[in-house]
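Fold and geometry: a report
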Amino acid sequence: MSLIKQEEDLLGLWQEETKEDETKQTGKISLQNLEVDIDADVAEVVPKEDIIPVLKITESAPLKRQTQLQWAEELDISCPVTDFEKKVPTMAKTWSFELDTFQKKAILKLEEHANVLVAAHTSAGKTVVAEYAIALSKRHMTRSIYTSPIKALSNQKYRDFRETFGDVGLITGDFQVNQTAQCLIMTTEILRSMLYCGSEVIRDLEYVVFDEVHYLNDSERGHVWEEVLILLPDHVSIVMLSATIPNTLDFANWVGATKKKKVYVVSTLKRPVPLQHYLYTGSKTGLFLIVEEAGKFIESGYDLAHTVKQTQKKQKAKYGSKEGKAHLTPKQEATIWTVFVAQLRKEDKLPAVAFTLSRHRCDQNARNLTTVDLTTGSEKSFIHRFFNKSIQNLKEPDRALPQVVALQDLLMRGIGVHHSGILPILKEIVEMLFQEGLVKLLFATETFAMGVNMPARTVLFDSIKKFDGCDVRTLLPAEYIQMAGRAGRRGLDKTGTVIIMCKVDVPGMKELENMMLGKPMSLESKFRLTYSMILNLFRVEMISVEGMMSHSFKEFRHLSQQKKYEKELETVKEKMKEISSNTQQQGLHWKSLSDFYDMAAEYLQLWSEFRKEFLAEPKYVKELTPGRMLLISHKEHINKLGILLSLETIKKDRAFRVLVLCNDEKTRTVDYGDEIQLSVASSDKEKSEEQYKPDPLWYKMLGLANKKKIFVPDEVGGHTILTVTTDDIIDIVKNKVSVDTNLVIQDWEKRQISRFRDDPPGQTCSQAVQRLTEFTKNVSSGTVPLEFVGPAKDIHLKNFDVLQKLNDLEQKLNDCTSMNIANFEQLFKEVFRCKQLEQKREDLLYKKSPRSLSLYPEFKERVCVLQELGYIDKNNSVQLKGRVACEMGNHELMITEMVLHCVLADKQPAEIAALLSCLVFQQKRKTEPVLTETLKKGVRQIEEIAKNVECMERKYGIESGHDKLNSGLVEVVYEWAQGKPFCEIMQLTDDVQEGIIVRCIQQLNETLCDVKNAAHRIGDPALKQKMQEASDAIKRDIVFVASLYTSEDNPKPSL
Ligand SMILES: Nc1ncnc2c1ncn2[C@@H]1O[C@H](COP(=O)(O)OP(=O)(O)OP(=O)(O)O)[C@@H](O)[C@H]1O
Ligand SMILES: [Mg+2]
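All values reported here derive from a predicted model rather than from experimental measurement.

Conventions and cut-offs
Residues numbered from 1 in each chain as written. Chains lettered and ligands numbered in written order. Predicted model: local features only at pLDDT ≥ 70, side-chain atom pairs only at ≥ 80, totals over all residues. Heavy atoms only, no water. Near = heavy atom within 4 Å. Polar contact = N/O pair within 3.5 Å; in protein donor to acceptor, adjacent residues only side chain to side chain. Areas by Shrake-Rupley, 256 points an atom, 1.4 Å probe, with all protein chains shown as cover. Nonpolar A, V, L, I, M, F, W, Y, C, P; charged D, E, K, R; others polar. Domains from an automatic or database assignment. Buried < 20%, exposed > 50% of the residue type's maximum accessible area, 1.4 Å probe, protein only. Helix = DSSP H or I, 4+ residues; strand = E, 2+ residues; numbered from the N terminus. Salt bridge = Lys/Arg side-chain N within 4 Å of Asp/Glu carboxyl O. 1 Å grid on protein atoms, 1.4 Å probe; cavity = no way out; pocket = protein on both sides within 12 Å on 5 of 7 lines; lining within 4 Å. Points joined across faces, edges and corners; volume = space filled by probe spheres on them.

Brief notes about the site of ligand 1
Surveying the vicinity of ligand 1 reveals 18 residues, the closest of which are Q103, S123, K126, T127 and R486. Contact between ligand 1 and T127: an oxygen atom at 2.5 Å from a side-chain N or O atom of the residue. Here ligand 1 has 640 Å² of accessible area as a free molecule, and 82% of this is covered by the chains. Its residues placed into classes, the shell around ligand 1 shows four nonpolar, eight polar and six charged. Taken domain by domain, the makeup of the shell around ligand 1 includes at least three residues from each of domain 1 (68-268) and domain 2 (275-319 + 327-370 + 415-517).

Section: helix α17 (residues 477-484)
Most of α17 sits out of view: six of its eight residues are buried. For α17, the set of buried residues is P477, E479, Y480, Q482, M483 and A484.

Points about the environment of F824
Residue position: F824 is located in helix α30 (residues 824-848). Look at F824 and you get buried, because its relative accessible area is 9%. A sequence separation of 119 residues divides F824 from A705, and the C-alpha atoms of the two residues are 9.4 Å apart.

Some details on the pattern of salt bridges
Two side chains that carry opposite charge are able to pair once their charged atoms sit near each other. Within the structure shown, the criterion is met by 46 salt bridges. Two residues, K840 and E568, come together in a salt bridge whose shortest N-O distance is 3.9 Å. Of this pair, K840 sits in helix α30 while E568 is found in helix α22 (residues 562-582), placing the two residues 272 residues apart along the sequence. Using a relative accessible area of 14% as the deciding quantity, one classes E568 as buried. A salt bridge links E749 to R657, with the shortest nitrogen-to-oxygen separation between them at 2.8 Å.

Considering empty space enclosed by the protein
A probe matching the size of a water molecule, rolled over the atoms, marks out where space remains unfilled. With the rule as written, the count across this model stands at four cavities of 30 Å³ or more. The calculated volume of the second largest cavity comes to roughly 110 Å³. Along the wall of the second largest cavity there are 12 residues; nearest its centre are L604, S633, K700, L704 and I730. Looking at the lining of the second largest cavity, the elements with two or more residues in it are α23 (587-615) and α26 (696-705). With four residues, α23 is the largest single contributor of residues to the lining of the second largest cavity. Looking at the lining of the second largest cavity residue by residue, the class counts come to five nonpolar, three polar and four charged.

Below, the structure is given as structure tokens:
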């Protein structure tokens, strides 16, 4: 049953649905008891008596930090687990080293079948926890899944886990092995599609490990983690491994609330191998410690580095070198690196990873080191053998590719390069040699720092600037920590060394301090709606789209407020019941008073919107200068004439200080409506505050009931200054008063100080009050007409309808006689209260419903697009087109439209492959590819389809989030699919690197398989056959050579 039909009562529906579902089938998500108790959320853990140290003389008082929320609890790892062996006498897996406290605590929770989130420093040993979960499921004869965000990490873990556990499978987009194994390694995307299609694998699944779960922050793919966490059935235990993040407890609380099972958080307090951070200024003595092991910034070290650099620059200037150059020449770069590497070698700081955040610079830096040789003779011979063995499956010409030859030469000398432009097989060779300590200096980009356990003694930063697709900026703390964290190998190095190279200048101290010691980024939801998610959820009905949205981390607040709203709603309903029993006696007038309320509410709402707009127009802004007479209604100051004294801006809103008359010198508080406010506040304090806050609407309605009758004070001289907003200004009066308004304000403010309270008003103020009193009396008696600078005489065409409506309503209100009822205020108070309660009930029902979710409008828009394009029918049941789209991992609408508009059917397999590359390839090309007529036509057809889809989205207000079509690799893919060797297709492009081409063709194969499956689903054997042929044509040689990690004759290197 879909939630759409009963969105008014979301919670009630969930309960019903779950009860029914749970009995029917296993593996489905139950969404029962979703409310989160806010009060419990703020409870703190009370330390257990036995863990409080008896004497704490030298310890400073611990910071009172929140360690427990309703669905998450942080475990205290400052006290060791002394009885671990007693608690776990027969461990499911053992290690050769003594486990750290954080590992033991996590294992104890795994033994209890609990959910855990391990947020620990880089290289702390989080994999131990993952391995234990796998070992436990093995012992229980159940299944475990390990997911990682990166293919390289999955491959590496496959090799490691296969060695440890034996029965391990691997499923990535382009490679599957042993898919029925007890432990499966896969990408998060694969797990998501398994969940959507109700895979058998999920049935006996006990643990799912999410390695690098902070990937949830990734703007492109982060939403997949959220979807998977929501979709996982409740019987599965979740193990999340993450880098240290500031909001672990909040994140864990969301996961816990979604799964209705507590998540235990385990964090480390420090790195196992501490780090020392240095600046390198280029001279022989140029290493300056700026952050020491305990994480303290050393200013003196920084100052020294700065001075040395300045002196160097001055000296260079003396010898004619240009100062202030942002870049060095390749020759200067080469010299710096050669000298520096020699120094590192001498100081025994190798192996080192040099993070160089551009592929081009990685290659260049390595190429520059022509004279550097870091390996011994025996190491060379081993590298030679290993390299040749690893590439033995490549064809002869591929083995002679320039990149292969160049990298082999570098590796022989102990230098490696690792980035996305490098062929995957070469990257693996580099990784394996690096792990064996045979790559002594590795130039790598950021991806090398992600999760793969490849630490070095030293980490170098070639620069701390990175191009993030839009701007060149300084590294964020999280990025710096992730990369710097590769320094220091457990068991091998006492400390890890991190060196920032300052080739031209020393970065600013604040810039460095922020980057090195700043707070890493909090986990934030990147949840988004995709067509594919909507279609899948419409199809399987395991959870509604609204359910998915409201369970997302993004909407956690919505979810966690449900119980509060429920309580408030109860209170409101009770109060309404009370009132309805009291209203019997007023039966006679109830209807007319209620009509008056409705009219007044509509009028005030319309007027408020209109007034804001018209008061913002320059013409009226010009009129709103000090001295201007205004007609206002503000709280109990109903229908008063006043003098505008000054204008201010409060919280981006305009505020006006206005002098008004009153019966008393001080502002009189009228007690209308004191009891009118709803007292649904939870605490007593809130209750008392709310109870005595009169409702502004009440006064505004009373003003209307008085038919704008001008207030005239009983006594002379009473006045006050109010601060009002545009909402309170009824009209701008034509008259102005000439008075020093600043003096009036100063005089009044002075009299607000207690010792001047009884002073008489100053002369200017008295005059102003007198003028206002005279004007008020004259207007009231009719001797002076009250004219407004108003829109009535100056109607703007665009506001014509609104004004017309306002006039009509005003007329009706004037004709209304209900205010003549004796005891009007008393009776209207009851009506007002009841109407307010009704409004509150509506508000709460709205807040409780999915309509208040931030993504709800977009959901509706996307549904409209899907309906209009024929993917779903009016009842949202998925049609043929929708079923095709469900098969697509990406670009679901584009590909489906292409299939169903027969863009692919009349093309040859090689052309199909080439054309689909438009959706996959992303890099900008410098030159235009040369295309055949058919390909040109195909590209035009795809562009046409993209335009139509975009048009349709725009029609319903969706901003197109699609990547731009890119035909940059069409020619290359076409030639590859035609059978050209890799070395020849490389000659068609000089600005796209080998690794990028391979990755693109690999991804393309996934798309071809998706289309093949779709063709099968819609019963189109010809298209299916073509897709198979296209896939066969591109799936060959170096592009699809087996991974070294996964090939059976695993050539694990060892000296
Ligand atoms: N208690 C321990 N004592 C000694 N060595 C350990 C211990 N736990 C783990 N190690 C070792 O520490 C190294 C790093 O472990 P691991 O790769 O699990 O770190 P990680 O926390 O996953 O780091 P990353 O943040 O890089 O993913 C491994 O070589 C592992 O064998
Ligand atoms: Mg790890």
